[in-house]
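Analysis of the macromolecular model
The chain contents come next:
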Amino acid sequence: MTHKHILLVEDHPDDEELTMRALKKNNIMNEVVVARDGVEALEYLFGTGAHAGRDMDVMPQIILLDLKLPKIDGLEVLRRLRADDRTKFLPVVVLTSSKEEQDIVKSYQLGANSYVRKPVDFQEFSQAVQNLGLYWLILNESAPERVPV
Amino acid sequence: MSDVTLEKDMSVQTFGLWRKCVRAAVGGLEILHTHIILVLSLLFILCLLVIYLHISQLKAQMVATIALRGADTYARESSDMREWYAVEAIQRLHILGMKTPSSQKTEGAIPLPTLLSSSLGGKLTSRRPGEQVRLLSEYPFPQAGDKEQPLDGFQGEALEFLKTYPEQSYYRVEQVDGRQALRFATVGRMQQGCVNCHNEEADSPKRDWQVGQVGGIVEIVYPLNSLENMTSMNWRESYGMIGVLVMLWSGGFGLVVLKLRGVSSELEEQVQHRTTELYESNRHLEMEIKERKLAEDTIRQARDNLEKRVQERTGKLAASNAELIREVAERKRAEDDSRSLNAQLLQRSAQLEASNKELEAFSYSVSHDLRAPLRGIDGFSQAVLEDYDEKLDDSGRSYLNRVRAASQRMSQLIDAMLNLARLTRAEIHSQTFDMSVIAKSILDDLQKFEPEREVECVVTNNLLATADPQLLRAVLENLLGNAWKFTRQQQHPRIEFGHGQYKGQAAFFVKDNGAGFDMTYAHKLFGAFQRLHAYTEYPGVGVGLATVHRIIQRHGGQIWPEGAVDEGATFYFTL
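Notes on the structure follow. (Residues numbered from 1 in each chain as written. Chains lettered and ligands numbered in written order. Predicted model: local features only at pLDDT ≥ 70, side-chain atom pairs only at ≥ 80, totals over all residues.)

In terms of helices and strands, chain B carries ten helices and eleven strands. Split into buried and exposed, the 575 residues of chain B put 20% on the buried side. Counting only contacts in chain B whose residues sit at least 6 apart along the sequence, the fraction spanning at least 24 positions is 69%. (Helix = DSSP H or I, 4+ residues; strand = E, 2+ residues; numbered from the N terminus. Buried ≥ 20, exposed ≤ 12 C-beta atoms within 10 Å, placed from the backbone. Contact = placed C-beta atoms within 7 Å.)

For the rest of this paragraph, the subject is the overall build of chain A. Counting its regular elements, chain A contains five helices and five strands. Taken from N to C terminus, the helices and strands of chain A fall in the order β-α-β-α-β-α-β-α-β-α. Within chain A, counting contacts between residues at least 6 apart in sequence, those at least 24 apart form 70% of the total.

This part is about the sheet that holds strand 4 (residues 214-223) of chain B. Note: strands within a sheet are paired through backbone hydrogen bonds, in either parallel or antiparallel orientation. Residues and elements named next belong to chain B. Taken together, four strands build an open sheet; the order of strands is 1-4-3-2 and the sheet is antiparallel. Bordering the open sheet on either side are strand 1 (132-137) and strand 2 (170-176), each of which pairs with just one other strand. Within this sheet the neighbouring strands show an average axis-to-axis angle of 25 degrees, counted without direction. Strands in contact with helix 2 (residues 36-95) are strand 1, strand 2, strand 3 (179-189) and strand 4; relative to strand 3, the strand with the most contacts, it is inclined by about 35 degrees. (Pairing = 2+ DSSP bridges. Axes fitted to C-alpha atoms, helices over the stretch in contact; angles between N-to-C directions.)

Our focus in this paragraph is the interface of chain B and chain A. Accessible area lost upon the coming together of the parts is a frequently used measure of interface size. Contact with chain B, which involves 15 residues of that partner, is made by 16 residues of chain A. Counting only elements with at least two residues in the side of chain B that touches chain A, the list comes to helix 6 (225-387) and helix 7 (394-425) of chain B. Broken down by element, the side of chain B that touches chain A gets its largest block of residues, twelve residues, from helix 6 of chain B.

Residue and element names in this part refer to chain B. The mixed open sheet is built from five strands, whose spatial order is 6-8-9-11-10. If you trace the sheet from one side to the other, it starts and ends with strand 6 (456-459) and strand 10 (559-563), each paired once. Adjacent strand axes in the sheet meet at a mean angle of 25 degrees, parallel and antiparallel pairs treated alike. The sheet strands contacting helix 8 (residues 435-449) are strand 6, strand 8 (494-502) and strand 9 (505-512), and the helix crosses strand 6 at an angle near 165 degrees.

Looking now at the nonpolar core. In terms of nonpolar packing, the biggest core is built from 36 residues, with Ala439, Leu472, Val475, Leu476, Leu479 and Leu480 of chain B touching the most fellow members. In terms of residue count, helix 9 (residues 469-486) of chain B provides more of this core than any other element does, nine residues in total. Among residues more than four places away in sequence, those in contact with Leu476 of chain B are Ile438, Ala439 and Ile442 of chain B. Within the second largest apolar cluster, 33 residues are counted, among which are Tyr44, Leu69, Leu81 and Ala112 of chain A. (Core = buried A, V, L, I, M, F, W, Y, C linked by C-beta atoms within 7 Å.)

What follows covers the packing of helix 2 of chain B against helix 5 (residues 192-200) of chain B. All names here are of chain B. One can describe the packing of helix 2 onto helix 5 by two numbers: an axis separation of 7 Å at closest approach and a directional angle of 60 degrees. Taken together, the residues of helix 5 that come into contact with helix 2 (itself represented by Glu83, Ala86, Val87, Ile90 and Gln91) are Gln192, Gly193, Cys194 and Cys197. Looking at the contact of helix 2 with helix 5 residue by residue, the class counts come to five nonpolar, three polar and one charged. (Nonpolar A, V, L, I, M, F, W, Y, C, P; charged D, E, K, R; others polar.)

Let us now look at the pairing of strand 11 (residues 569-573) of chain B. In summary, the side chains of a regular strand alternate between the two faces of the sheet. All names here are of chain B. Along strand 11, four of the five residues are buried, which leaves the element largely enclosed by surrounding structure. Bridge count between strand 9 and strand 11: four bridges; the pairing is antiparallel. When the sheet's bridge partners are listed, Lys511 is paired in strand 11 with Thr570. Bridge analysis of strand 10 against strand 11 gives five bridges, and the strand direction is antiparallel. Bridged to Trp560 within strand 11 is Tyr572. If you look at the hairpin formed by strand 10 and strand 11, you'll find five residues sitting between the two strands, and Asp566 has a positive phi there, around 65 degrees.

Right under this line is the structure:
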């Protein structure tokens, strides 16, 4: 697992496939870890449950977070990882179908770094993914992985 | 008829009599009161008369008493003198041997006591005319000169009376020798000297005399006229004094009467004055009473009026009270109605809130879940087109492109629907702003978007409105956007935003000279997803006017269209 991997939190297989395709088409070759619900995402991030014993020094470069998720929804996941010192500086891009104002506002309130609405047009979607990759994986400088307490 | 009635009759009679008496007394008192001086004078004269009579009687009595005393004294003295003569003179003469001549005719004889007494009496009374002294006996000596004269009436009665009552005297007043005189008689008792002679003398007619026996009577005639003459002097003085007193009294009485007359006239004057005053005050009082009565009448009338008015007012009040009660009942009912309505409203509001929440959940779901499959359709169609290009012919590619276009159009519809829903729910934040400025900025944007188009845009300046600026911007975007869109085929397109009167109502309007519409379908204009033109001719999802309608409605305003096919359209709205 490389250092600059992506955590994709997405429950819908179509969207997962389309996201992977868009990444591939835009030559973003970073490893993608997929969590299919909120619980799995949190287990991965905090090295618990199915991901117990995971190397906690390795954290995703970017988290693409859908909001509507089974078990624990995206906003709750965001709240928990912002509450934890290990994950509070991880860049989180909310990538969702919703254009609801309340979702946008809440996401930013909980500390999302960006909010992107998934376009229906795949070409537009592909474009958005390319921009995200360019920005978050290349241009953006992440916070140090070990944050002094 | 009972006794009671009888008694009653009697008592009535008595009462009538009593009343008559009282009336008479009152009348008498009245006369007395009016003729007091006359009455007093009469009384005075009566008194004088009584006094005169009384004095006359007193005078007669006095004369009689004096005469009686004088006669009595004379009789006693005469008796004493005879006894003394009989004892002292005759006895001594007897002792000396001298005989007592039994007759007057005897020479040198000394007189008998009786004769002495008679002659002495005659001598003594000769100076007093009418006065006489006589000695009378049943058995006189023959020498006694008087025996031939018989006894008169008085003398006989006196002798008879004195024989029975020798201790008393007998008298009466009668005419003697033509003059009024007292005739007095008393007894002459036999003394020792008398008895000696009368029992011894030879010619004595009676010789058994005892000492103390009644020998005869002594009569004294006492004329009263001299006495009356003597006393009348005193009486004249008395009458004179009385007359003086009477005159003095009369003078005093006259003065008193005069004084009383003066007092009375003064009193009368005062009474008259007082009467006049009383009359005056009476008149005043009468006038006052009249005025009072008048005032009382006025007051009574006023009171009656007041009472009437009070009654009227009470009636009115009662009526209005009844009305009030009715009104209160109505109010109460209305209140109850309004309360129940309120409850219903609250319930409806709760329902509405619930359905709003549901709608929100639905919207969220739509925005999220309906788009995901569309993305899949579009995304995988694209993937087929890209990855299997060599296996597809032109027709296959065309179909896949149509699939993609349809999915994208559906995405637009979903977005439009969500937008409409959001506008319906959004809160209204009203403020006053210039709509003209917003309209100009929208038209500028449209111009920038299609710079090649030449459209005449007329916007009235300073059109102020009080509404939610964001929502009103959406209204103008839709209306001006439509106008922009539907004038596309017009050679000289013209768009106007202004304010004016429409059928007497002030309204804003957006007017164009574009495609217009058939008024027959005007009612369909504001329905969601309703279209009057072909999509290919004028693309659009058909929610613009529905959105506008909803916003105007939420501001409490109205919107109505006017137009004809190929003659342009005008949308009027109020806020």
